[in-house]
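These are the residues of each chain, in order.
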Amino acid sequence: MKKDLLNISDLEEGDFEKIWRKAKKLKQNLKNGKPHASLKGKTLGMIFDKSSTRTRISFEVGMYQLGGIALFLTSRDTQIGRGETIADSAKMMSRYLNGIMIRTFSQQSVEDFARFASIPVINGLTDLLHPCQILSDLFTIREKKGSCEKIKVAYIGDGNNIANSWIEAAAKLPFSLALACPEGYDPDRKIMEKGRKEATEGITLVRDPLKAAKDADVLYTDVWTSMGQEAESEKRKEIFENYQINKRLLKAAKKDAMVMHCLPAHRGEEIASDVIDGPQSVVIDQAENRLHVQKAILEILL
Ligand code: CP
Ligand code: NVA
């Protein structure tokens, strides 16, 4: 694997298997109470410019379980917030830490950080991508469905960071991806063009959620308003009104379709309460797997 995990596009075929095999073993060890301190004495810096529950807890607990420690850093409370450059921060932090995880706004900032850092940098979400989430979601699909091969994933909603990372994954792995997004809220154009060229099972983008959901094995959604877009929230509620995963949409999918959401969820908006809390939803298992998959990533990179 490369030095950093900045996106899914940079991963090679064997990397996916490597991560998931390790994640499975780490999950088993944890469930069996078997200690696995492979990162004893190692440190991970975690820079957060945006809120987080799952990413922070799973990385922090993950490092602890592997025998290392994680430092929670916010730009506001560090000199980064007072204008210290990315270059200086990255070079200097590389002398203290063994790895850095960053959640911020611009993808470019994470890439710049990685360029100047001599230690691995992990993208913990940007406006453009959320690679750790989708790597973990694919692990969940494999657990529940046996494989991701030939399955159909329907993504309903905003063409945001989650949608973009799904497209990058569909470009690399043999599953089909059908996206339904309202006009003006499509995924990133470049990522979509590249994905469509490279995908073996196809990536489609339609306006009608029912069309995307038809015969899907997985129905996936995310918030209508991502972090940083709060001012658009009311407008988005109107535009996305028909882009909700509810019982009607679930009927269009396969009988045994699984409902996924990266969380946090807004019940009554992108997903109906009776669906997210219903028998086909796997959202809590999905959230748990962030821990195991990220531990695998940490073990490989650090
Ligand atoms: N899904 C996810 O990344 O959750 P957090 O924003 O809580 O980290
Ligand atoms: N699209 C959401 C994902 C949160 C995990 C956001 O960026 O806020």
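Located above this text is the structure these notes cover.
Starting afresh in each chain, residues are numbered from 1 along the sequence in its written order. Working convention: letters from A go to chains and numbers from 1 go to ligands, in the order in which they are written. Confidence filtering applies because this is a predicted model: local features only for residues at pLDDT of at least 70, side-chain atom pairs given and counted only at 80 or more, and all residues used for totals across whole chains, interfaces and linings. Excluding hydrogens and water, the side-chain values take into account all heavy atoms of the structure.

Caption draft 1: Main features of unusual backbone geometry. The step from L263 to P264 runs through a cis peptide bond, and the omega angle for that step is 5 degrees. Helix numbers and strand numbers start at the N terminus; a helix is a DSSP run of H or I with at least 4 residues, a strand a run of E with at least 2. Position of P264 relative to the elements: it lies in the loop between β9 (258-261) and α11 (273-276). Notably, L125 is not glycine yet its phi reads approximately 120 degrees, a positive angle. Its place among the elements puts L125 in the loop between β4 (121-123) and α5 (131-145). Throughout this description, buried means an accessible area under 20% of the type-specific maximum (1.4 Å probe, protein chains only), exposed means over 50%, and partly exposed covers the range between. Classification of L125 by relative accessible area gives buried; the value is 7%. We note that L263 has phi near 65 degrees; this positive angle belongs to a residue other than glycine. Of note, L263 is situated in the loop between β9 and α11.

Caption draft 2: Structural detail: the site of ligand 1. Throughout, the term near means that a residue has one or more heavy atoms lying within 4 Å of the molecule or strand in question. Taken together, the residues surrounding ligand 1 are S52, T53, R54, T55, R103, H130, Q133, C262, L263 and R290. Interatomic distance of 2.8 Å between a side-chain N/O atom of R54 and an oxygen atom of ligand 1. Out of a free accessible area of 260 Å², ligand 1 has 95% covered by protein chains. The cavity that encloses ligand 1 is the largest pocket. Looking at the shell around ligand 1, its residues break down into 2 nonpolar, 5 polar and 3 charged. We call two N or O atoms a polar contact when they sit within 3.5 Å, provided that within protein one can donate a hydrogen and the other can accept it, with sequence-adjacent residues counted only if both atoms are side-chain atoms. Surface exposure here means Shrake-Rupley accessible area, sampled with a 1.4 Å probe, where a residue is shielded only by the protein chains that are shown. Only protein atoms enter the 1 Å grid used here, on which a cavity is any set of points holding a 1.4 Å probe that cannot leave and a pocket is any open set flanked by protein within 12 Å on both sides along at least five of seven lines; residues with an atom within 4 Å of a point are listed as lining. For a molecule to be placed in a cavity or pocket, more than half of its atoms must lie within 2 Å of the grid points of that cavity or pocket. By the convention adopted, Pro, Cys, Tyr, Trp, Phe, Met, Ile, Leu, Val and Ala count as nonpolar, Lys, Arg, Asp and Glu as charged, and the other residues, Gly among them, as polar.

Caption draft 3: Here's a closer look at the packing of aromatic side chains. When the centres of two rings from Phe, Tyr and Trp lie within 6.5 Å, Trp using its six-membered ring, the rings pair. Their planes under 30 degrees apart give stacked, over 60 give edge-to-face, and anything left gives tilted. If you walk through the whole model with that rule in mind, you get 8 aromatic pairs. A ring pair is formed by F48 and F72, whose centres lie 5.4 Å apart and whose planes are at 40 degrees; its orientation type is tilted. Residue F48 is located in strand β1 (residues 43-48), and its partner F72 is located in strand β2 (residues 69-74); the two are separated by 24 residues in the primary sequence. Relative accessible area serves as the criterion here: at 37%, F72 is assigned to the partly exposed category. Centre to centre, the rings of W166 and F175 are 5.6 Å apart; their planes meet at 80 degrees, and the pair counts as edge-to-face. With respect to burial, W166 and F175 carry one shared label: buried. An aromatic cluster of three or more residues is present, and its members are Y155, W166, F175 and Y220.

Caption draft 4: Region of the structure containing the sheet that holds β9. When DSSP finds two or more bridges between two strands, those strands count as paired. Strands sit in the order β7-β6-β5-β8-β9 across an open sheet of 5 strands; the sheet is parallel. What marks the edges here is a single partner per strand, and that holds for β7 (203-206) and β9. Within this sheet the neighbouring strands show an average axis-to-axis angle of 20 degrees, counted without direction. The pairing of strand β5 (residues 152-156) with strand β6 (residues 176-180) spans 5 bridges and is parallel. Paired with Y155 across the strands is L179, a residue of β6. Residue contacts are counted whenever heavy atoms from the two residues lie within 4.5 Å of one another. Angles run from 0 to 180 degrees between N-to-C directions of axes, and those axes are lines fitted to C-alpha atoms, restricted for helices to the stretch in contact. Lying over the sheet, helix α6 (residues 161-172) contacts β5, β6, β7 and β8 (218-221), oriented at roughly 155 degrees with respect to β6. The strands touched by helix α7 (residues 189-198) within the sheet are β6 and β7, with β7 carrying the most contacts at an inclination of about 135 degrees.

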